[in-house]
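# Examining the three-dimensional arrangement
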Amino acid sequence: MPGDHSVTKLHGLDVAWRQELEGGGRGFGQDFIPVVEQMFGRVSRLFELCAGPGYIGFSLLAKGLCDHLVLGDVNPRAIEVLHETVRMNGLEDRVTIYETDALDGIPADERWDLVVVNPPHFSEQVGKNSSLVLTDPEWRMHRSVYGGVADFLNPGGSVLMLESTEGSRPGEFIPMIADGGLSHMRTMWYSGSGALPIFYFMWAQKAMPGMTFDDEPVELDIVLRETPGEPVVAPAGRPCAVHLVNETGRPVGPRVLDGSGASQLWLRVDKMPAGAKAQLPVMALKAGEYEVRDRIEDVTVGRLVAQ
């Protein structure tokens, strides 16, 4: 490849690159270094997807934050410069390279402790530029990665994607994370030296059934009536702060029961006068149907469904 690429020195390594592969890894992508160092420390096997020239992965390797680096990209020209960087630095025993569309080209027995991705930040074409470096149409690549990466993660393994608020919001990716059998651990905003305020990290881990990592409870109101209306919908497994509003016109002694009739509260809730409001203890409910039962009249006065 002589004359077909440029070389830059990055953290002591000679890194081959081409202009059309530039996706910010040499600039804002370097924010991965302090974030990985502080959040994860040194890991055994690290994978950079959408690697391009591998600025992020090679930087993390040079900084001693992984023992073995795995790199993947869909562009054959990126694969060429990645191999050239490995050759120039004698890293054949520490770096593995895959030509892969999302995770389609990854061997089934590959495993990682940490996956880092600086993906395309826009779901539709930006101006006249339709480059795969910038655009992930309808978030197809994101969905594919979140949908399959759990199979490649070692126990406790994490995925860290760097996103931009110019192209997305965290809420767009949280359902994809859940659908892939992952837990959304945190959305992290890093404003270190050189960082731009528009970038944020999405941190996900392989899900642990029954466990959630959300700190703030979802606020829900259940209006109690003699004839309950449609059930209030709660997110299953998420902490919920449920507020009861007594509009029955009489005192109510509320109980929260699941579909089998089992109470979901240990302590008895005080009797609510007509027109009163009460907050139940924060609860993380399993998927299913629930009712608020009045123990005084033994009738249902409110309904809740967790899904």
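This structure is a prediction, so every number in the text was calculated from the model and none was measured. (Residues numbered from 1 in each chain as written. Predicted model: local features only at pLDDT ≥ 70, side-chain atom pairs only at ≥ 80, totals over all residues. Heavy atoms only, no water.)

## Side note on the packing of helix H4 (residues 140–148) against helix H5 (residues 170–179)
Between H4 and H5, the least distance of the axes is 7 Å, while the angle of their chain directions is 35 degrees. Judged by the sense of rotation from one axis to the other, the crossing of H4 with H5 is right-handed. Two secondary-structure elements touch here, H4 through His 142, Arg 143 and Tyr 146 and H5 through Phe 173, Met 176 and Ile 177. Split by residue class, the contact of H4 with H5 holds 4 nonpolar, 1 polar and 1 charged. (Axes fitted to C-alpha atoms, helices over the stretch in contact; angles between N-to-C directions. Helix = DSSP H or I, 4+ residues; strand = E, 2+ residues; numbered from the N terminus. Left-handed = near helix turned anticlockwise from the far one by under 90°. Contact = heavy atoms within 4.5 Å. Nonpolar A, V, L, I, M, F, W, Y, C, P; charged D, E, K, R; others polar.)

## Some details on the pairing of strand S9 (residues 199–206)
In terms of burial, S9 is largely enclosed, as 7 of its 8 residues are buried. In terms of strand pairing, strand S7 (residues 153–164) meets S9 through 7 bridges, oriented antiparallel. Along S9, the bridge assignment pairs Ser 158 with Gln 205. As defined by bridge partners, strand S8 (residues 182–188) adjoins S9 across 6 bridges and the pair is classed as antiparallel. Bridge pairing in S9 places Ser 183 opposite Gln 205. (Buried < 20%, exposed > 50% of the residue type's maximum accessible area, 1.4 Å probe, protein only. Pairing = 2+ DSSP bridges.)

## A short note on unusual backbone geometry
Of note in this structure, Ala 102 is not a glycine but carries a positive phi near 55 degrees. Relative to the elements of secondary structure, Ala 102 occurs in the loop between strand S5 (95–99) and strand S6 (112–117). Overall, the relative accessible area of 9% leaves Ala 102 in the buried class. The phi dihedral of Glu 138 falls on the positive side, at around 55 degrees, and the residue is not glycine. Given the relative accessible area of 58%, Glu 138 is considered exposed.

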